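Each chain, written out:
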Amino acid sequence: MSIRLKFLLSYAAMLVVPLILLFLTAMLLTIVYHGDVQNLKSTYENRFEGMEESDTRNLIKITFMQNSNLLTDTSFLDDLSADMLKKNTSIFIRSGSKTLYASADLLQKQGLTGKLPDFKEAGSHNEPFRLKYNNDWYQIAQFDMLANHSEPVSIFLVSTIDPLVHFVRTFFPILFLSTVVVLLLTHTLLTTYMSRKIIRPLLELRRAARRVSEGDLDFKVEVGGKDELGQLGMAFEEMRSRLQQSLVVQQQYETNRKELVTNISHDLKTPITAIKGYVDGILEGVADSPEKNEKYMRTIAAKAGEMDHLIDELFLYSKLDMQKLPFSFESLFILPYLNDWAEELKVELEKREVELHIAMNGGETARVSVDRDSFKRVLGNVIQNSLKYMDKPEKRITVQTWVEGDRFTLAIGDNGPGIPPEAAAHIFERFYRAEQSRNTNTGGSGLGLAIAKQILTEHGGAIYADSREGGGTVIRIVLPIEEGGAGQ
C-alpha cells in the first residue's frame, strides 16, 4: 500500500470513524433514554419551533386579561386552538379542578392533563417545562390569572416536542463530550499509527545514513513493508550491502596488491642477485678461463630468461585479471584437438624419459568453444606443473577424458609426491606454492595454475585438483559442451 493511499485512508478514517462512533453513542443513549429505538420518530409533519416568552405573555395579556370572557367563548377558543395546532401547540384551560377548555387532541390525553401543576398565583408565568406521557415528551407553558368573580384560572400551552430535538437538548453535554473524546482518540490512534508506519522508518533511515557517513557498515537496515518507504529501505540496505562488499573487495585487492609486490620482489630479486654475482665474477676476473667465462654467461642468460618468463607470466595474468586479453573462440570437436596435442606431448615427454598413458575414449562427438592458443597454454601449464614435482624413478603422466551430461572432462594425472590436503584448495591462487621454500627450480613463478584457472573461467569452464600425499595429483579440466554437440 502506497503512502499516498495510507494518508487518504487515514484522513477518511478521521472523518468516518468519529461519525460512526458518535452514531453508535447516540443510539446507545437513545436506547437507555427511550427503551426502544423505534420510539424515536425521525420526522414530524409539523415540527415544534417553540414559542418565545414574549409571544406567550402578549397572547395572555392582550387576549385573555383584557377580555376574560373569552375564556368561555368556545367559538373563539376553537379558532385559536386551530391556529395554535398549526404550530404543534394545544390549549388547555382549567379553573380549579374544572376543565374550561381543551383542544381536541388533548381530550384523549387525560393522563397528561392530570399531571399539569395547580394554580399558584395570579399573574405568574412559569418557565416552560417538560412532561413525558406515553413515551412522548411535551413542553408546557403555564400562565395563572383571575377571571370574573376572582375565579383562579390556569392557561396551559402544550407543545409536542420532536423526540430528536428533545434528545439533542437533553444529551447535548454528553454528545459534545463524546465528540471531543472520540475525535481525540481517533486522531491520537491514527497519528500514532501513521507515526509507526512513516516517521519511524524515516528515523531508522536517518540513523542508517548517519552510520554510513561515519564509515560504519556493519549493520542491517530494518525497514520493511511494500510501500515507498519499504522500497526505499530495501534499496538503502542493498546499497549498504554492496558498499560493504566493495570495501571488503577493495581491502582484499589491497592485500593482494601488497602480496603481489612482495612475491614479485622476491622472485625477481633471486635471479637479479645471481646475475649480479656472475657479472661481478667476470669483472673481477674470477672467470679466468674461456670455459668459466662461457659458464658464467650461460648462467646469466638463464637467469635473464627466468626473469623474462616471470614478467611475461605476470603480464598475462594481469591482462586476464582485468579481462583485457582478447580471445578468439571457435567451435571444434575437442577429442581430435586433444589427440593432436597428445602426439606432440608424447614426443616432448620421451625426451624427458616420462611415460605417457592416454585413455581418451569419451566425447568423440563433443563440440566445445575454445580459444586454441589460450587452451593450449592451459594444457602446457598443467603439464609443466606436474613435471616440476616428479620425484619417482619411473615418471608417468596419464591423460583421460569422459562426458557427464553437458560437461566434457579432461583429467591429467601424475605419479608425483602429491599435495597436502590443506594446500590442495589453494594451488590455483596466484603465487601460491605447496612447497614453501620458493625454490625456482621446483616452484616456478607460482602463476601457471592461476593463469590456467583464469583462462578456463573465460571459457565458462573450471579446473580442480584431486590429490593425496605420496599418491600423485590429478588435475581435472571441465568444459561446457555446446548445445547440439553432446558427446557419447
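Throughout what follows, the structure given in this document is the object of discussion. In this text the structure is predicted, and so the values were computed from the model without any measurement.

**A look at the nonpolar core**
Piece 1. In terms of nonpolar packing, the biggest core is built from 51 residues, with Ile334, Leu338, Trp341, Phe375, Leu379, Ile397 and Ile477 touching the most fellow members.
Piece 2. It is helix α8 (residues 334-351) that provides the largest number of residues to this core, a total of eight residues.
Piece 3. In this view, Leu379 contacts Tyr337, Leu338, Trp341, Leu410, Ile412 and Ile477; residues no more than four positions away in its chain are not counted.

**Side note on the pairing of strand β4 (residues 136-146)**
Regular strands place side chains that alternate from one sheet face to the opposite one.
Piece 1. The buried count for β4 comes to nine of eleven residues, which makes it a mostly enclosed element.
Piece 2. In the sheet, strand β3 (residues 129-133) pairs with β4 via five bridges, with the strands oriented antiparallel. Bridge pairing links Phe129 to Ile140 in β4.
Piece 3. Inspection of the sheet shows β4 paired to strand β5 (residues 152-160) by nine bridges, in the antiparallel sense. Across the sheet, the residue bridging to Ile140 is Val158, located in β5.
Piece 4. In this structure, the hairpin formed by β4 and β5 is closed by a connection of five residues, where His149 is found at a positive phi of approximately 65°.

**Quick word on the environment of Ser318**
Piece 1. Considering the arrangement of structural elements, one finds Ser318 in helix α7 (residues 290-321).
Piece 2. A residue is classified by how much of its surface remains accessible, and Ser318, at 27% relative accessible area, is partly exposed.
Piece 3. Each C-alpha atom of the pair Ser318 and Ile451 lies 9.3 Å from the other, and the pair is 133 residues apart in sequence.

The rules behind the values
- Residues numbered from 1 in each chain as written.
- Predicted model: local features only at pLDDT ≥ 70, side-chain atom pairs only at ≥ 80, totals over all residues.
- Heavy atoms only, no water.
- Core = buried A, V, L, I, M, F, W, Y, C linked by side-chain atoms within 4.5 Å.
- Buried < 20%, exposed > 50% of the residue type's maximum accessible area, 1.4 Å probe, protein only.
- Helix = DSSP H or I, 4+ residues; strand = E, 2+ residues; numbered from the N terminus.
- Contact = heavy atoms within 4.5 Å.
- Pairing = 2+ DSSP bridges.

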